[in-house]
Amino acid sequence: MSRLSAQPRTPAPLFTSFTLRGDVACPATLTVADLRGGWEQHRAEVVFDCATNGPQHHSFEGPLLREVVLDAHPVFDARKRKDRSRYLVAVTGGDGHHTVLSWAELDADFGDVPVLLATRMDGRGLDAAGSQLVVPADRCGARYISAITRVWVGAWPVSA
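How each quantity is defined
- Residues numbered from 1 in each chain as written.
- Predicted model: local features only at pLDDT ≥ 70, side-chain atom pairs only at ≥ 80, totals over all residues.
- Heavy atoms only, no water.
- Pairing = 2+ DSSP bridges.
- Helix = DSSP H or I, 4+ residues; strand = E, 2+ residues; numbered from the N terminus.
- Axes fitted to C-alpha atoms, helices over the stretch in contact; angles between N-to-C directions.
- Phe/Tyr/Trp six-rings, centres within 6.5 Å; stacked < 30°, edge-to-face > 60°.
- Buried < 20%, exposed > 50% of the residue type's maximum accessible area, 1.4 Å probe, protein only.

**Student:** Run through the sheet that holds strand 1 (residues 17-22), naming residues and quoting values.
**Tutor:** If you walk across this open sheet you meet the five strands as 2-1-11-5-6, and the pairing is mixed. In this open sheet, the two edge strands, each paired with only one partner strand, are strand 2 (28-31) and strand 6 (98-102). For this sheet, the mean inter-axis angle between neighbouring strands, taken without regard to orientation, is 20°. In the sheet, strand 1 pairs with strand 2 via four bridges, with the strands oriented antiparallel. Its bridge partner lying in strand 2, Thr19 is registered against Thr29.

What follows is the structure in structure tokens.
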């Protein structure tokens, strides 16, 4: 008998939900089903120019990150553009990979980038795999985050 087969296997962790926290009035824990049922679903055809595997073509569906965060009521003053422009959104995945976006990238008054919290990839639901962050305009997939575990919203600190 092999030693490897005698060892109990630890199942891979499932990241079927993520927390939305930080400078928001309504923190939440969300699943793919929540994202699919609570917000309008947008579609993006994406080509990631992968350095090791060449171009990767995928189709994603899901709500806009901006809309989900706005429903958590970030504590910035929405009437003040300069207040909104100092906010950041940090996203962490199940493998520890993370990225940061500026609120100005997402905000309709600034960059209006349609960043998705994907609920479907290539027609398949991501319920078991967890939601994925997709920045369709990115040529490489460096800001693509799979199995999202945390979304944090906060202000860049104001110096004294």
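**Student:** Give a description of the packing of aromatic side chains that names residues and reports values.
**Tutor:** Under the criterion given, the structure shown has five aromatic pairs. Summarising the aromatic geometry, the rings of Phe48 and Tyr144 are spaced 5.5 Å apart at their centres and angled 65° between planes, so their arrangement reads as edge-to-face. On the criterion of sequence distance, the pair formed by Phe48 in strand 3 (residues 42-50) and Tyr144 in the loop between strand 10 (132-134) and strand 11 (148-155) is long-range, its members being 96 residues apart. What makes Phe48 buried here is its relative accessible area of 8%. Here Tyr144 falls in the partly exposed class, since its relative accessible area comes to 21%. Chaining the aromatic ring pairs together yields one cluster made of Phe48, Phe60 and Tyr144.

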